[in-house]
Amino acid sequence: MKRKPIFLFSGVIALCLSACSGVKHDMSDYILELPYKSDYRILQLTDTHIGDKDNCELHYKFMDLTIKEANPDLIVITGDVFTFASRHTAKEFFSFLDSYEVPWTLTFGNHDEQCFFSIDWLTSELNTHGGYCVFKDVQDDDVQGNANFAINLMKDDKAFEQLIIMDSNRYNYNGYFGYDYFKEDQIKWYEDLVDYTEEQNGGLVQSLMFYHIPLPEVNDAWEAAKKYPDIIKNPENAKEVEAQENEKPCNPEFNSGFFNVIEKKGSTKGMYFGHDHINNFIVHYRGVDFGYGIKATDRVYYEEPLLGGRVITIKDDHSLEYTDYYHSYQEVL
Ligand SMILES: [Fe+2]
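Residues numbered from 1 in each chain as written. Predicted model: local features only at pLDDT ≥ 70, side-chain atom pairs only at ≥ 80, totals over all residues. Heavy atoms only, no water.

Asker: Could you give an account of the overall build of the protein, with specific residues and numbers?
Answerer: Check the secondary structure of the protein and you find eight helices and 14 strands. In the protein, buried positions account for 60% of the 333 residues. Here the protein has roughly 13700 Å² of accessible surface; of this, 52% comes from carbon and sulfur atoms. (Helix = DSSP H or I, 4+ residues; strand = E, 2+ residues; numbered from the N terminus. Buried < 20%, exposed > 50% of the residue type's maximum accessible area, 1.4 Å probe, protein only. Areas by Shrake-Rupley, 256 points an atom, 1.4 Å probe, with all protein chains shown as cover.)

Asker: Kindly report on the pairing of strand E5 (residues 149–155), identifying the contributing residues and their values.
Answerer: With respect to burial, E5 is a largely interior element, six of its seven residues being buried. Here E5 pairs with strand E6 (residues 158–165) via seven bridges, running antiparallel. When the bridges of E6 are listed, methionine 154 appears paired with alanine 159. Linking E5 to E6, which pair antiparallel, is a turn of two residues; within it aspartate 156 sits at a positive phi near 50°. (Pairing = 2+ DSSP bridges.)

Asker: Tell me about helix H3 (residues 87–98), and please be specific about residues and values.
Answerer: The terminal C-alpha atoms of H3, which comprises twelve residues, lie 16 Å apart, in line with the 16 Å expected from a rise of 1.5 Å per residue. Turning to H3, its buried residues number three or more, namely Thr89, Ala90, Phe93, Phe94, Phe96, Leu97 and Asp98. (Expected span 1.5 Å × (residues − 1).)

Asker: Please provide a residue-by-residue account of the coordination of the iron ion, values included.
Answerer: Protein-derived coordination of the iron ion comes from Asp47 (OD), His49 (NE2), Asp80 (OD) and His277 (NE2), at a distance range of 2.0 to 2.3 Å. For the iron ion, the four donor atoms in the first shell make angles of 90 to 171° at the metal, so the coordination geometry reads as irregular. For the iron ion, the single-chain donor residues occur in sequence as D-x1-H-x30-D-x196-H. One end of the pair, aspartate 47, is in the loop between strand E2 (40–45) and helix H2 (56–70); the other, aspartate 80, is in the loop between strand E3 (74–78) and H3, and 33 residues separate them in sequence. (Donors = N, O, S within 2.8 Å, 3.2 Å for Na, K, Ca; no water. Tetrahedral: all angles 85-135°; square planar, octahedral: opposite > 155°, others 65-115°.)

Asker: I'd love a proper account of the sheet that holds E2, names of residues and values included.
Answerer: Spatially, E4-E3-E2-E13-E14 is the arrangement adopted by the five strands of the open sheet, whose pairing is mixed. Of all the strands in the sheet, just strand E4 (104–107) and strand E14 (320–326) have a single pairing partner and so form its edges. Between one strand axis and the next, the sheet turns through 20° on average, direction left out of account. Of the strands in this sheet, E3 and E4 touch H3, which is tilted by about 140° from E4. (Axes fitted to C-alpha atoms, helices over the stretch in contact; angles between N-to-C directions. Contact = heavy atoms within 4.5 Å.)

Asker: Lay out the side chain of glutamine 206 with the relevant residues and their values.
Answerer: Take glutamine 206: it is sitting in the loop between helix H5 (184–201) and strand E9 (207–210). For glutamine 206, a relative accessible area of 17% puts it in the buried group. There is a polar contact of 2.9 Å between the side chain of glutamine 206 and the backbone oxygen of histidine 318. (Polar contact = N/O pair within 3.5 Å; in protein donor to acceptor, adjacent residues only side chain to side chain.)

Asker: How would you explain the packing of aromatic side chains if you had to name every residue and give the values?
Answerer: Summed over the entire model, instances satisfying the criterion amount to 29 aromatic pairs. Here the aromatic rings of phenylalanine 62 and tyrosine 329 are separated by 4.0 Å at their centres, their planes lie at 15°, and the arrangement is stacked. Highlighted residues: phenylalanine 62 in helix H2 and tyrosine 329 in the segment after E14, separated in sequence by 267 residues. Here phenylalanine 62 and tyrosine 329 have matching classes, each one buried. Here the aromatic residues Phe182, Tyr190, Tyr211, Trp222, Phe258, Phe259, Phe273, Phe281, Tyr285, Phe290 and Tyr292 are joined through ring pairs into a cluster of three or more. Directly above the ring of tyrosine 181 sits lysine 183, whose terminal nitrogen or CZ lies 4.7 Å from the centroid. (Phe/Tyr/Trp six-rings, centres within 6.5 Å; stacked < 30°, edge-to-face > 60°. Lys NZ or Arg CZ within 6 Å of the ring centre and 35° of its normal.)

Asker: Residues and numbers for the nonpolar core, please.
Answerer: Ile42, Phe82, Phe93 and Ile314 are the most contacted members of the largest nonpolar core, which totals 56 residues. Excluding anything up to four places from it in sequence, isoleucine 314 contacts Tyr36, Asp39, Tyr40, Ile42, Leu153, Phe160, Glu161, Leu163, Leu208, Ser319 and Leu320. The next biggest cluster of nonpolar side chains, apart from the first, holds 36 residues, and it includes Met27, Met209, Tyr211 and Val283. (Core = buried A, V, L, I, M, F, W, Y, C linked by side-chain atoms within 4.5 Å.)

Asker: I'd like a description of the pattern of salt bridges, backed by residues and values.
Answerer: Applying the stated criterion across every chain, the model contains 14 salt bridges. We note a salt bridge from aspartate 167 to arginine 170, for which the minimum N-O separation is 2.8 Å. Here aspartate 195 ties to lysine 265 by a salt bridge, and the two come within 2.7 Å at their closest N and O atoms. Remark: lysine 265 occurs in helix H8 (residues 258–265) and aspartate 195 occurs in helix H5; sequence separation between them is 70 residues. Bridged by salt links that share partners, the residues Lys24, Lys188 and Asp192 form one connected network. (Salt bridge = Lys/Arg side-chain N within 4 Å of Asp/Glu carboxyl O.)

Asker: So what's going on with the sheet that holds strand E12 (residues 288–292)? Residues and values would help.
Answerer: As summarised here, the arrangement of the seven strands in space is E1-E5-E6-E9-E10-E12-E11, forming an open sheet in which the pairing is mixed. Lying at the two open borders of the sheet, with one neighbouring strand each, are strand E1 (31–35) and strand E11 (282–285). Ignoring strand direction, the axes of neighbouring strands in this sheet form an average angle of 20°. Looking at chain direction, E9 and strand E10 (residues 268–273) are connected through four bridges and run parallel. When the bridges of E10 are listed, serine 207 appears paired with threonine 268. Docked against the sheet, H5 engages E1, E5, E6, E9 and E10, running at close to 170° with respect to E6.

Rendered as structure tokens:
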């Protein structure tokens, strides 16, 4: 992790700091492992926004509906996990996740810094939490963000599939104010990770990526989907809720070119994110599935029919299947 340069610095100084600070680590330092099982079920939850003033017990009861029904092998929360939460609330939430005795991991959203703790505290807590938490941020490294790591799903001593967790950062203060984007050092880290994994496994390994703020290309993907609806991967659910794109994607103003690199490397076949609470579509675009997660609580803005979670199933032939789960708070009141 490398902290974002303070915006009061000039652009030149900030650029220098950005390029010069942090220690370069071996790629092996960023990789965790879990065993692969046939039809591996990853439950994506997103934008829980857990906070101190909430009735957390009610949220846990609500999420329990989805988690039990999904029966996952791994739970991934794609950011905005907390908003105005204290350390106590964060630890309670982690205990709740541990109670399922299923590995879980998460990345951060733009709101996770708006809490009664710092992102650095949260990162350290996750690094040392133990339990069923699968998380590793290298805190003294030269890569921007607080959650850049990979989980290799292992089969016969090789990485069968790689799950890449990345931090899409929070807000940009340099040049314009808005949502942040993946930085140059993160993009280089991604390239190094794909190359290292290929070298270690004797061939390109398919990967899926989890992060919070959608890339600018999601707009293009949705425009393509309007023309060619067969590229929408979850049409049944979309029809059911009559809402695939309920809000304009709130992505960064600046395109740092990450998707072009992803397309060129050819490893990543699914990119899953949150951020826009009332979008739920999955679109296949330029060789990659772009998937908006399904919001997991009713905290902050939401649409009642669009709450729950999604299971991404990795099949033995590396194909991907999606199952959307929707629930209502009426079921737990
Ligand atoms: Fe959010």
